[in-house]
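So you can see what is in the structure, the chains are spelled out below.
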Amino acid sequence: MDSLTFLYKTVPGRFFLKLLTTRAVSKICGNFLDSKLSKFLIKDFVQKNNINLEDYQTDGIETFNQFFRRKIKDGKRIFDSDPQNLCAPCDGLLSVWNIEKDTVIPVKQSFYTVSSLLKDEELARQFNDGLCLVFRLCVDNYHRYCYAESGKKSTNIFIPGKLHTVRPIALEAKPVFVENCREYTTIQSQVFDTIVQMEVGAMLVGRIVNLEGEGFAQRGKEKGFFEYGGSTIILLLKKNQVQINNEIIQNSKSGIETPVKMGNVIARKI
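Keep in mind that this is a model prediction, so the values were computed, not measured.

Participant: Provide a residue-level description of the pattern of salt bridges, including the pertinent values.
Facilitator: According to the stated counting rule, one finds 13 salt bridges in the structure shown. Across the pair glutamate 227 and arginine 69 runs a salt bridge, and its minimum N-O distance is 2.3 Å. Of this pair, glutamate 227 sits in the loop between strand E17 (222-226) and strand E18 (231-237) while arginine 69 is found in the loop between helix H5 (64-68) and strand E2 (71-72), placing the two residues 158 residues apart along the sequence. Arginine 69 matches glutamate 227 in its accessibility class, with the two residues each being buried. For the salt bridge of lysine 223 with glutamate 199, the shortest nitrogen-to-oxygen distance reads 3.0 Å. Here glutamate 199 lies in strand E14 (residues 193-200) and lysine 223 lies in strand E17, a separation of 24 residues in the sequence. Exposure remark for lysine 223: the relative accessible area of 1% places this residue in the buried category. We classify glutamate 199 as buried; its relative accessible area is 0%. Put simply, Asp34, Arg69, Arg207 and Glu227 are held in one network by salt bridges that share partners.

Structure representation (structure tokens):
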């Protein structure tokens, strides 16, 4: 029995999962990874994940989290300058979903409808028949991210994670429902209309750090970073705004994630 099966499909596993998902446990782990005691973890992490250190700024790193949120060197992530192009806001593996009624989207061993993802049915309705872009960051990816588009941005809405013992009807087929912590903002783009850009943290640790509050988003400007834990970025786009690159569409239809880098063109304004 693998660890996920144990955690999600057995009674003792669910009890242990409940402990793991508490903010207290997450805080303890985060404090350790913020301390100099965690520095010894870096070397093995680099070797295990084949991370090319030549791409990154590593001077002065004293803790594991400092390494995990390391900055990349200038020129390594060029953001496309054509405003009619939509670009990836992060490194990761991209899947695209059509937002239809009761569409259930898998995100980090959790399953969401758009309304359950946002906790805002009125906002969710704006994206009916639109697109949901899910960028899954692996541990070896660059864990800083930028704004996908320019425009007036709302405040950051934070939704804490939770382990549900009662599942929404749309998700009844799943053995347990874990809601990951997440934070999102809306961006009023003159090119692509309203966009939601969301960061999703891991079940354990996975701290989200956004650098700015309400104001103006600048396309390609650093928005924030993740600390240790698997992470995901989600973009919600309204109907008939973009044409996604054909390779990405065909891969998504086949259940294949497409590797992308921050700044890569992933779609074009219709």
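Participant: Explain the pairing of strand E21 (residues 265-269) to me, using residue names and the numbers behind them.
Facilitator: Relative to E21, strand E3 (residues 85-87) runs antiparallel, the two sharing 3 bridges. For cysteine 87, the partnering residue across the bridge sits in E21 and is valine 265. In terms of strand pairing, strand E19 (residues 242-244) meets E21 through 3 bridges, oriented antiparallel. The residue bridging isoleucine 244 from the neighbouring strand is alanine 267, located in E21.

Participant: So what's going on with helix H4 (residues 41-48)? Residues and values would help.
Facilitator: Residues Ile42, Phe45 and Val46 constitute the buried set of H4. Looking straight down H4, one finds its buried side chains confined to an arc of 100 degrees; they lie on one side. Turned more than 90 degrees away from the buried face of H4 sit Lys43, Asp44, Gln47 and Lys48, all of them exposed. Residues of H4 that are buried in the fold lie against H5. In the stretch just after H4, asparagine 50 is the one whose phi turns positive, near 50 degrees.

Here is what the cut-offs are and how they apply
Residues numbered from 1 in each chain as written. Predicted model: local features only at pLDDT ≥ 70, side-chain atom pairs only at ≥ 80, totals over all residues. Heavy atoms only, no water. Salt bridge = Lys/Arg side-chain N within 4 Å of Asp/Glu carboxyl O. Helix = DSSP H or I, 4+ residues; strand = E, 2+ residues; numbered from the N terminus. Buried < 20%, exposed > 50% of the residue type's maximum accessible area, 1.4 Å probe, protein only. Pairing = 2+ DSSP bridges. Arc of directions from axis to C-beta. Contact = heavy atoms within 4.5 Å.

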